[in-house]
Amino acid sequence: MHIEIVTLFPGLLRGALDYGVLGRALERGLVSVGLEDPRSHTSDAHRTVDDRPYGGGPGMVLKPEPLCAAITAAATRVPAGSARIALSAQGQLLTQAGVAELARLPGLVLVAGRYEGIDERVLELMIDRELSIGDYVLSGGELAALVLLDALARLQPGALGDERSSAEESFAAGLLEGPHYTRPEVFMGRRVPQVLSSGDHAAIRRWRCKQSIGRTWLKRPELIGRAPLDETQRALLQEFLLEGSVRVTGEQTTGSR
Ligand code: 4FV
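Because the structure is predicted, anything quoted here is derived from the model rather than measured.

**With respect to the overall build of the protein chain**
Check the secondary structure of the protein chain and you find 10 helices and 10 strands. Scaling as 2.2 N^0.38, a compact globule of 257 residues should have a C-alpha radius of gyration of about 18 Å, whereas the protein chain reaches 23 Å, well beyond that. Dimensions of the protein chain, computed from the C-alpha atoms along their principal axes, are close to 70 × 45 × 35 Å. By the burial criterion, 42% of the 257 residues in the protein chain qualify as buried. A fraction of 74% describes how many contacts in the protein chain between residues 6 or more apart in sequence connect residues 24 or more apart. For the protein chain, the exposed area adds up to about 14500 Å²; of that, 53% sits on carbon and sulfur atoms.

**Let's talk about the sheet that holds strand β6 (residues 107-112)**
Within a sheet, adjacent strands bond to each other through the backbone by hydrogen bonds, running parallel or antiparallel. As summarised here, the arrangement of the five strands in space is β2-β1-β6-β5-β8, forming an open sheet in which the pairing is parallel. Strands with a single pairing partner mark the edges of an open sheet, and in this sheet they are β2 (32-36) and β8 (129-132). Strand-to-strand twist in this sheet, taken as the mean axis angle between neighbours without regard to direction, amounts to 35°. Two strands pair when backbone bridges link them, and strand β1 (residues 2-6) and β6 are joined in this way by five bridges, in the parallel orientation. Residue pairing in the sheet places I3 in a bridge with L108 of β6.

**Remarks on the site of the ligand**
Taken together, the neighbourhood of the ligand is formed by 17 residues, with R114, I133, G134, Y136 and L138 sitting nearest. With respect to the ligand, the backbone of R114 contributes an N or O atom lying 3.1 Å from an oxygen atom. Taking Y115, its main chain carries an N or O atom lying 3.4 Å from an oxygen atom of the ligand. Expressed as a share of its isolated accessible area of 370 Å², the protein-covered part of the ligand is 95%. Within the residue set of the shell around the ligand, elements represented by two or more residues are β5 (83-93) and β8.

**Topic: the nonpolar core**
Counting residues in hydrophobic clusters, the biggest one holds 26 residues, and the most contacted among them are I3, L108, L110, L148 and L152. When residues of this core are assigned to their parent elements, the largest contribution, eight residues, is made by helix α6 (residues 142-154). By size, the runner-up hydrophobic cluster in this structure holds 19 residues, among which are I71, V111, L123 and M126.

**Quick look at helix α10 (residues 231-243)**
An α-helical turn contains 3.6 residues, so a residue and the one three or four places further along point in the same direction. Counted at 1.5 Å a residue, the expected span for α10 with its 13 residues is 18 Å, and the 18 Å between its end C-alpha atoms agrees. If you check which residues of α10 are buried, you get Q233, L236, L237 and F240. Angular distribution of buried residues about the axis of α10 spans 105°; they occupy a single face of the element. Exposed residues on α10 whose side chains face more than 90 degrees from its buried face are E231 and L242. Among the residues of α10, the N-terminal cap falls to D230, whose side-chain oxygen and the backbone nitrogen of T232 are separated by 3.1 Å.

**Remarks on unusual backbone geometry**
Of the consecutive residues R183 and P184, the connecting peptide bond is found in the cis state with omega at 5°. Locating P184 in the fold gives a position in the loop between α7 (166-172) and β9 (186-187). Although it is not a glycine, Y115 sits at a positive phi angle of roughly 60°. Mapped onto the secondary structure, Y115 falls in the loop between β6 and β7 (117-118). The backbone phi angle of M188 is positive, close to 50°, even though this residue is not glycine. Relative to the helices and strands, M188 is located in the loop between β9 and β10 (190-191).

Calculation notes
- Residues numbered from 1 in each chain as written.
- Predicted model: local features only at pLDDT ≥ 70, side-chain atom pairs only at ≥ 80, totals over all residues.
- Heavy atoms only, no water.
- Helix = DSSP H or I, 4+ residues; strand = E, 2+ residues; numbered from the N terminus.
- Rg over C-alpha atoms; globule rule 2.2 N^0.38 Å.
- Buried < 20%, exposed > 50% of the residue type's maximum accessible area, 1.4 Å probe, protein only.
- Contact = heavy atoms within 4.5 Å.
- Areas by Shrake-Rupley, 256 points an atom, 1.4 Å probe, with all protein chains shown as cover.
- Pairing = 2+ DSSP bridges.
- Axes fitted to C-alpha atoms, helices over the stretch in contact; angles between N-to-C directions.
- Near = heavy atom within 4 Å.
- Polar contact = N/O pair within 3.5 Å; in protein donor to acceptor, adjacent residues only side chain to side chain.
- Core = buried A, V, L, I, M, F, W, Y, C linked by side-chain atoms within 4.5 Å.
- Expected span 1.5 Å × (residues − 1).
- Arc of directions from axis to C-beta.

Okay, here's the thing in structure tokens:
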């Protein structure tokens, strides 16, 4: 999968491409990344890419000409069928399901906004979809592009090997992950749940599923609304709640380990 990122700060992104799963995916050619700087598409001496907003107001707006030229240049390097996406706080909230859908495309052009934002005509003329990584305002879309890039790299076949995270499976199922533990078996007087060192894989799977459902109910109940629980999952949730103590005051404790 080839991904082009249109950004005023290519240096900010280059550094992040050398590390972790994303760095390995790039090394293995599972994903490739190109960077395109709108400043290279300016014709004035000051290489102007932004200007004051019409109608007044704070900050600057990215000018349409350099940005459109940069998007056009980037788009020549992705296959037909690729999507052009602007990262912005107004975009559709990015979810694991959304990442999985994008990972099936042949390529992407990601446009990272800066300052107050992008001239609306660029969005109208050049962008297929706006995506947001959360309801907060960043200084630029580059970090959002990196979040999307990382999540996409993890879904490329061969990117994770045996490190495949259960987080993907959990979020794909619409639930949060259960707790993780590693050595030592006792830490600060807290023991790892016995079931996890029992060697009983069926019991371990059941316990992890129960914890996943219980935690989702406690921390992100709206996720359960989206994908209703089946009878087995409902029984596990009941068991989880009976094991733990959930105080009505809203301060909740998680189920017993
Ligand atoms: C953002 C977000 C975000 C808004 C103005 C860039 C900034 C500046 N991008 N998810 N939240 N972008 O805040 O993706 O142009």
